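Coordinates in review
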Amino acid sequence: MGIELNKIYNESCFETMARMPDKYCDLLLSDPPYGVDLKYDTYIDTEENWYELMNKFIPEAKRVAKMVIVPSCKISRLEWIYKNFPPDWLICWYKGSVGTAAYIGFNDWEPHLVYGKNNTNMHDYFKATPEPQTNGHPCQKPVNWARWLIVRATKQNDIIYDSFMGSGTTAVACIKEKRNFIGSEISSKYVEIANKRIDLQISQPQLF
């Protein structure tokens, strides 16, 4: 079984990546589970599971993609990351203070780990305001989060892989920016949510 573009696979990312040759994707952009006891549909979001997941995920992500961008999740985990999988550089996602508890995350800014680099110029700081959670996923990223990173790290028609597709934010951003996407998501509930968002995005007129 090969890989089909512009499709979300209802399976573990390790199953999908096992079918990918080295450097198959131009960018792996994803938002792994945070390991902070968020209530995902199927995944048990403990800190212990996060370390186990990252030990397996980061080497495989670097194998299949020319460039990898993922949140560090907790700032306190940067020491462990640098000891085990030192990134090439960091990008700061500034969320902006909303005056109350943020919709996602626990700081006004969050470091993103970057492995590899495509032929592009991009700053190490960007702002994307969190959006309310309304579709049943506990940690949905804002579309502008994905759009900023995708536009600066890739070209039109490049392949972007989201190994933890969740509610489909990366796919929606790819459609808006004329990129190809591939997604993996273990929850059939989240795949259904993501596909509905994709269908809605495709049906809307593209003004820009």
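When you go through the chain residue by residue, the secondary structure sums to six helices and eight strands. The order of helices and strands in the chain, counted from the N terminus, is β-α-β-α-β-α-β-β-β-α-β-α-β-α. Overall size of the chain, expressed as C-alpha extent along the three principal axes, is 40 × 40 × 35 Å. Burial status across the chain gives 53% buried among its 208 residues.

Quick look at helix α6 (residues 188–203) now. Think of an α-helix as 3.6 residues a turn; residues three or four steps apart then line up on the same face. Relative to the 22 Å expected for 16 residues at 1.5 Å per residue, α6 spans 22 Å between its end C-alpha atoms, a close match to the ideal helical length. Three or more residues of α6 are buried, namely Tyr190, Val191, Ile193, Ala194, Arg197, Ile198 and Gln201. The buried side chains of α6 occupy one side of the element, clustering within an arc of 160° when seen end-on. Every exposed residue of α6 that faces more than 90 degrees away from the buried side is listed here: Lys196, Asp199, Leu200 and Ser203. Looking at the buried residues of α6, the elements they touch are β1 (7–9), α4 (143–153), α5 (169–176) and β8 (180–184). The backbone nitrogen of lysine 189 has a side-chain oxygen 3.3 Å away, supplied by the residue at the start of α6, namely serine 187.

It is worth spelling out the pairing of β8 at this point. Counting buried positions along β8 yields five of five residues, so the element is predominantly enclosed. Pairing geometry for β1 and β8, over three bridges, is parallel. Bridging across to β8, isoleucine 8 finds its partner in glycine 183. As for the winding sense of the linkage, the β-α-β connection from strand β7 (residues 159–162) through α5 to β8 is right-handed.

Overall, mixed pairing links the eight strands, which are arranged β1-β8-β7-β2-β3-β5-β4-β6 in an open sheet. Strands with a single pairing partner mark the edges of an open sheet, and in this sheet they are β1 and β6 (125–127). Ignoring strand direction, the axes of neighbouring strands in this sheet form an average angle of 20°. Across three bridges, the pairing between strand β4 (residues 89–94) and β6 is parallel. By the bridge assignment, tryptophan 93 is partnered in β6 with phenylalanine 126.

Below, the discussion takes up the pattern of salt bridges. Inspection of every chain in the model, using the stated rule, returns 12 salt bridges. The partner of glutamate 110 in a salt bridge is lysine 95, and the shortest N-O contact between them spans 2.9 Å. Of this pair, glutamate 110 sits in strand β5 (residues 109–115) while lysine 95 sits in the loop between β4 and β5, and the two are 15 residues apart along the sequence. By the burial criterion, glutamate 110 is buried, and lysine 95 matches it. Taken together, the shared-partner salt bridges connect Asp22, Glu60 and Arg63 into one network.

Bringing the packing of aromatic side chains into the picture now. Geometrically, a pair of aromatic rings is defined through the distance of the ring centres and the angle of the planes. In the structure shown here, the tally under the stated rule is 10 aromatic pairs. When the ring of tryptophan 93 is compared with that of phenylalanine 126, the centres are 6.5 Å apart and the planes differ by 10°; the resulting orientation is stacked. One end of the pair, tryptophan 93, is in strand β4; the other, phenylalanine 126, is in strand β6, with 33 residues separating them in the sequence. Here tryptophan 93 falls in the buried class, since its relative accessible area comes to 0%. The rings of Trp50, Tyr51, Trp80 and Phe85 are connected pair by pair, giving a single aromatic cluster. The lysine or arginine in question, arginine 19, covers the ring of tyrosine 9, its NZ or CZ lying 5.1 Å from the ring centre. Its end group placed over the ring of tyrosine 51, arginine 77 keeps NZ or CZ at 5.9 Å from the ring centre.

Rules behind the numbers
Residues numbered from 1 in each chain as written. Predicted model: local features only at pLDDT ≥ 70, side-chain atom pairs only at ≥ 80, totals over all residues. Heavy atoms only, no water. Helix = DSSP H or I, 4+ residues; strand = E, 2+ residues; numbered from the N terminus. Buried < 20%, exposed > 50% of the residue type's maximum accessible area, 1.4 Å probe, protein only. Expected span 1.5 Å × (residues − 1). Arc of directions from axis to C-beta. Contact = heavy atoms within 4.5 Å. Polar contact = N/O pair within 3.5 Å; in protein donor to acceptor, adjacent residues only side chain to side chain. Pairing = 2+ DSSP bridges. Right-handed = clockwise from strand over helix to strand, strands pointing away. Axes fitted to C-alpha atoms, helices over the stretch in contact; angles between N-to-C directions. Salt bridge = Lys/Arg side-chain N within 4 Å of Asp/Glu carboxyl O. Phe/Tyr/Trp six-rings, centres within 6.5 Å; stacked < 30°, edge-to-face > 60°. Lys NZ or Arg CZ within 6 Å of the ring centre and 35° of its normal.

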